Amino acid sequence: MPRLQIMDTTIRDGQQSLWATRMQIGDMLPILPKMDRVGYWAIEAWGGATFDSCLRFLDENPWERLRAIKANTPNTPLAMLSRGQNLVGYKHYSKDIVHRFIHAAHRNGIEVFRVFDALNDIRNVVDNAEAIKECGGLFEGAISYTISPVHTLDSFLEYGQQLKDLGADTIAIKDMAGMLTPYRAERMVKAFNEEIGLPVHIHCHYVGGMAPANIIKAAEAGVAIADTAHAPLAFGNSHPAVEMIVAALKESRYDTDLDLDLLFEISEYWEEMRKRGHYKRGVSSLMHMKVYSHQVPGGMMSNLVSQLEVQKATDRLPEVMAEIPKVRAEVGYPPLVTPLSQIVGTQAVFNVLTGKRWSVISKEMKDYVCGYYGKAPGNMDKEIVAKVAGDAEILDPSIAPGKLVTTTYDEMAEEIGDLAQSEEDVLMYALFPNEARTYLSKHRVSEKVDFMLEQESSATKEDDYVDINQIR
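Residues numbered from 1 in each chain as written. Predicted model: local features only at pLDDT ≥ 70, side-chain atom pairs only at ≥ 80, totals over all residues. Heavy atoms only, no water.

1. Topic: the confidence of the model for the chain
Piece 1. Mean pLDDT over the chain stands at 93; residues scoring 70 or higher make up 94%.
Piece 2. Between residues 451–462, whose pLDDT stays under 50, and residues either more than four places distant or in other chains, the model counts 26 contacts. (pLDDT = per-residue confidence, 0-100. Contact = heavy atoms within 4.5 Å.)

2. Some words on the pairing of strand E6 (residues 170–175)
Piece 1. E6 sits mainly inside the fold: six of its six residues count as buried.
Piece 2. Here E6 shows two buried faces, one formed by Thr 170, Ala 172 and Lys 174 and the other by Ile 171, Ile 173 and Asp 175.
Piece 3. Strand direction decides the pairing type here: strand E5 (residues 138–144) and E6, joined by five bridges, are parallel. Within E6, the position partnered with Ile 143 by the bridge is Ile 173.
Piece 4. Chirality of the crossover, the property in question, places the unit of E5, helix H8 (residues 153–165) and E6 among those that are right-handed.
Piece 5. After leaving E6, the chain enters helix H9 (residues 182–195) and then returns to the sheet as strand E7 (residues 200–204), a path that is right-handed. (Buried < 20%, exposed > 50% of the residue type's maximum accessible area, 1.4 Å probe, protein only. Helix = DSSP H or I, 4+ residues; strand = E, 2+ residues; numbered from the N terminus. Pairing = 2+ DSSP bridges. Right-handed = clockwise from strand over helix to strand, strands pointing away.)

3. Points about a nonpolar patch on the surface
Piece 1. There is a patch of nonpolar side chains on the surface, built from Leu 286, Met 289 and Tyr 292 and spanning about 290 Å² of accessible area.
Piece 2. Within the secondary structure, Tyr 292 sits in helix H14 (residues 291–294).
Piece 3. Note on Tyr 292: relative accessible area 31%, which makes it partly exposed. (Patch = residues over 30% accessible without salt bridge, like charges linked within 9 Å, V, L, I, M, F, W, Y side chains within 5 Å. Areas by Shrake-Rupley, 256 points an atom, 1.4 Å probe, with all protein chains shown as cover. Salt bridge = Lys/Arg side-chain N within 4 Å of Asp/Glu carboxyl O.)

4. A word on the sheet that holds strand E3 (residues 78–82)
Piece 1. Here we have eight strands rolled up into a closed barrel, ordered E1-E2-E3-E4-E5-E6-E7-E8, and parallel in their pairing. Pairs of neighbouring strands in the sheet enclose a mean axial angle of 30°, with direction left out of account.
Piece 2. Here E3 pairs with strand E4 (residues 110–115) via five bridges, running parallel. By the bridge assignment, Met 80 is partnered in E4 with Phe 113.
Piece 3. Contacting strand E1 (5–8), strand E2 (42–47), E3, E7 and strand E8 (225–228), helix H1 (residues 10–18) runs over the sheet at an angle of about 60° to E2.
Piece 4. The sheet strands contacting H9 are E5, E6 and E7, and the helix crosses E7 at an angle near 155°. (Axes fitted to C-alpha atoms, helices over the stretch in contact; angles between N-to-C directions.)

Here is the structure:
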């Protein structure tokens, strides 16, 4: 049996889970050459919320970030997370935009494309899959793992087969909420190996603490790859620490062969960075542990707390937590992952704070109930559907929601005009029009933006790294 391979999530999912995706490019560059020497299967470096956060909070160009990371990791494949038809945004984009975006991501340094759909609706993955195969990337089809009466091992296997039929190279079991348990992980991996036959990649958020045991049992069952993060950005809502997994598997058949001393050297850097940024560690609380009961992902919980703080109603959190499973059941048991976690969570907040269930309904919930996000995994409550949809048209289930989006790249290019200097600029505008226009307007007057000014004086010098300005 081959050794367990490791994908590092520190600079994407690790920092997204613990540091609200606020890690700057200058935080990463000094240590990347050392991370490049580890021998990771891949480094997850891009996608998810990082694209949005670069523009919205960090005044960075996400494409330049990707090129800078690749310049400093020439020996290690880079991975990204795509939300299927939503790419790295929060709504469906047209086939034209999806294809161009995937090709551009590959051209700028991405080799591994992990693609998931929040509803496990294969129709929302087709355009990504076609584009990845066209450009020569590795297509990792991801299954959004959850627990409900309609989510069974057979249903996951059926979706895995659909991903294989689209040309998936690997299959990821994406346990975004930390609900997977060790013996269930073992059963799933064995079943996928026997019935699907593609390498299986396990992705478990730590949350309630099961993730390390999940990885060990999955390794024993023949999993090919596991996700981990360096210790200062591990645990809590993040992933298990790479050092923990590497040490646990030493002298076993599943030994990762990674250098533990080198990993600790890298973590020393991240620990200093954590202290300097005053970032909290990943910690599992009792509320996290209750994920096996309430099934609410850690990131979703953070959003709920923020919403309640604005309303000065944080004392209502237990009521909201009790309301979420009810709302989820009424709308067909969607997996609680972006964007459905936000949609279901917001509805639960509305239901609790108004004191009258379903009296206030978000546009996003209405669109979901009407079928514009995809097909719900289970049957929805007919009374709720009637109340939410009202006179609105419910999409014919035979129509893929993505087919309704016809916005072309050329239309986007014409809208943004001379502000866009490249295809990447136009794509940035297509996904996030307001943020991209603001960024491009601000930076048009200057050809260079030195992200390293503040960082170089304070960061620990770690080998020679490639400055972002040298690769433009």
